[in-house]
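Residue strings, one per chain:
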Amino acid sequence: ELLSYDYNGFLVPPFPNVHENLEKLPDMAIRNDDVFLLGYMKAGCHWMWEISGMLLKGSAEYSLQDKTAAMLERAPQASLDQLPSPRVLNSHLHLHHLPREIFTKKPKMVFMTRNPRDIAVSSYHHLFQMAELYHYDGDWNGYFHLITEGKVNYGNWFQYMLQWEKDIKDHPELPILILRYEDVKKDPIGIIAKLAEFLELPRNDQLFQDIADKCSFSKMKAAKPAYTSQFRSPSASLFRKGVVGDWKNWFTVSQHEIFQTECENFKKQSTLFNIMDDASF
Ligand code: A3P
């Protein structure tokens, strides 16, 4: 068992005041220059949050705040309102949970994706470490079982992504850029340039290079707080491995087969998230 908050059938982490935060969220006032960073948990959101913040600031300096300060399901609305512009508001929620003004103000939205197998492994470590919040004492196999039952926060990844695919297709008027963790790993500067273009920021190759450098795994790990105070083992970090394909060290043959079938089904239904095309998956 893993501690979650059941919000109308959708499982979310049991953050303090999460019910109130979610209830108020649709009515939240947003700003024209807000950027929304969305996607399932452990897809590299901290990484992209830092990159986006640096791009908007126009300088490769780490944000003084933590991403959680701008996380819609976690931060109280009063404190979100206090954040200076431009904000990179972030969330793992669905479109229908988010501020309704999105449909009139049409802010830029960045959607992070990652191989669901690596997400599963990364999520397991995150949940296990955040013992106070999630009370999860099981092992990897136990967590995998919860995944197959959909009893994990933000629900089953495949269903989550298909719901987003539907919502994105139903709202072609919304500007959404879909990015893949694996692509950011492969070509950080290229992705940063693409993101800058999407955000309508001037091209600045030196800045893009500096941001890629500052946001490399090792530099971010050294520089940013890593929730260690909340983790059960002091040596653990939110910046765990930061690689593509760690799932191979965790999935058993039968777990791989289960995901393989899920991925095949998913591929048949998805045209937006061409995540499984890469042979390395
Ligand atoms: P791993 O657990 O596989 O290492 P999120 O920010 O969405 O919670 O995702 C966390 C995952 O992104 C973790 O994956 C973490 O190590 C990885 N990550 C964080 N910063 C990164 C960076 N600068 N470069 C590459 N991966 C990073």
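Residues numbered from 1 in each chain as written. Predicted model: local features only at pLDDT ≥ 70, side-chain atom pairs only at ≥ 80, totals over all residues. Heavy atoms only, no water.

1. Notes on the packing of aromatic side chains
Applying the stated criterion to the full structure yields 23 aromatic pairs. Measuring from ring centre to ring centre gives 5.2 Å for Trp47 and Tyr181, while their planes differ by 70 degrees; the resulting arrangement is edge-to-face. Taken together, the residues span a long stretch of sequence, with Trp47 in helix 2 (residues 45-57) and Tyr181 in helix 9 (residues 181-186) at a distance of 134 residues. Residue classification places Tyr181 among the buried positions, given a relative accessible area of 5%. Note on Trp247 and Phe251: the rings are 5.5 Å apart at their centroids and 80 degrees apart in plane angle, and the pair reads as edge-to-face. Here the two residues Trp247 and Phe251 agree in accessibility, since each one is buried. Positioned above the aromatic ring of Phe198 is the side chain of Lys108, whose terminal nitrogen or guanidinium carbon lies 5.7 Å from the ring centre. Cation over ring: Arg117 sits above Trp247, and NZ or CZ is 5.1 Å from the ring centre. (Phe/Tyr/Trp six-rings, centres within 6.5 Å; stacked < 30°, edge-to-face > 60°. Helix = DSSP H or I, 4+ residues; strand = E, 2+ residues; numbered from the N terminus. Buried < 20%, exposed > 50% of the residue type's maximum accessible area, 1.4 Å probe, protein only. Lys NZ or Arg CZ within 6 Å of the ring centre and 35° of its normal.)

2. What about the pairing of strand 5 (residues 108-113)?
Within strand 5, five of the six residues are buried, which leaves it mostly tucked inside the rest of the structure. As defined by bridge partners, strand 3 (residues 35-39) adjoins strand 5 across five bridges and the pair is classed as parallel. Looking at the pairing, Gly39 lines up with Met112 of strand 5. Here strand 5 runs beside strand 6 (residues 176-180); their pairing, made up of five bridges, is parallel. Looking at strand 6, one finds that Thr113 is bridged to Arg180. (Pairing = 2+ DSSP bridges.)

3. Focus on the sheet that holds strand 3
The strand order across the open sheet formed by four strands is 4-3-5-6, and the pairing between neighbours is parallel. Strand pairing shows two members of the sheet lacking a second neighbour, strand 4 (88-91) and strand 6, which therefore form its edges. Ignoring strand direction, the axes of neighbouring strands in this sheet form an average angle of 20 degrees. Of the strands in this sheet, strand 3, strand 4, strand 5 and strand 6 are in contact with helix 2, which crosses strand 4 at around 165 degrees. (Axes fitted to C-alpha atoms, helices over the stretch in contact; angles between N-to-C directions. Contact = heavy atoms within 4.5 Å.)

4. Describing the site of the ligand
Taken together, 18 residues are adjacent to the ligand, and Cys45, His46, Ser122, Tyr181 and Lys241 come closest. In this structure, Lys241 approaches the ligand through a main-chain N or O atom, which is 2.7 Å from an oxygen atom. Here the ligand has 560 Å² of accessible area as a free molecule, and 98% of this is covered by the chains. Elements with a contribution of two residues or more to the shell around the ligand: helix 2 and helix 12 (217-223). Ranked by residue count, the leading element in the shell around the ligand is helix 2, at three residues. (Near = heavy atom within 4 Å. Polar contact = N/O pair within 3.5 Å; in protein donor to acceptor, adjacent residues only side chain to side chain. Areas by Shrake-Rupley, 256 points an atom, 1.4 Å probe, with all protein chains shown as cover.)

5. Comments concerning the pattern of salt bridges
Any two side chains of opposite charge can pair, given that their charged atoms come close. Scanning the entire structure with this criterion turns up 16 salt bridges. A salt bridge links Arg232 to Asp137; its shortest N-O distance comes to 3.1 Å. Here Arg232 is found in the loop between helix 12 and helix 13 (253-269), whereas its partner Asp137 is found in the loop between helix 6 (131-134) and helix 7 (140-148), with 95 residues between them in sequence. Beyond isolated ion pairs, a larger network of salt bridges with shared partners links Arg240, Lys241 and Asp246. (Salt bridge = Lys/Arg side-chain N within 4 Å of Asp/Glu carboxyl O.)

6. Details of the confidence of the model for the protein
For the protein, mean pLDDT is 95; residues scoring 70 or higher make up 98% of the total. This complex was scored by the predictor with a pTM of 0.97 and an ipTM of 0.99. (pLDDT = per-residue confidence, 0-100.)

7. A few points about the pairing of strand 4
The alternating pattern of strand 4 places Val88 and Asn90 and Leu89 and Ser91 on opposite faces, both of which are buried. Where strand 3 and strand 4 come together, four bridges link them in parallel fashion. Paired with Val35 across the two strands is Val88, which belongs to strand 4.

8. Some remarks on the environment of Lys268
Within the element layout of this structure, Lys268 appears in helix 13. Between the C-alpha atom of Lys268 and that of Asn21, which follows or precedes it by 247 residues, the distance is 36 Å.

9. Structural notes on the nonpolar core
Formed by 95 residues in total, the largest nonpolar core has its most connected members in Ile51, Tyr143 and Tyr154. Broken down by element, this core gets its largest block of residues, seven residues, from helix 2. (Core = buried A, V, L, I, M, F, W, Y, C linked by side-chain atoms within 4.5 Å.)

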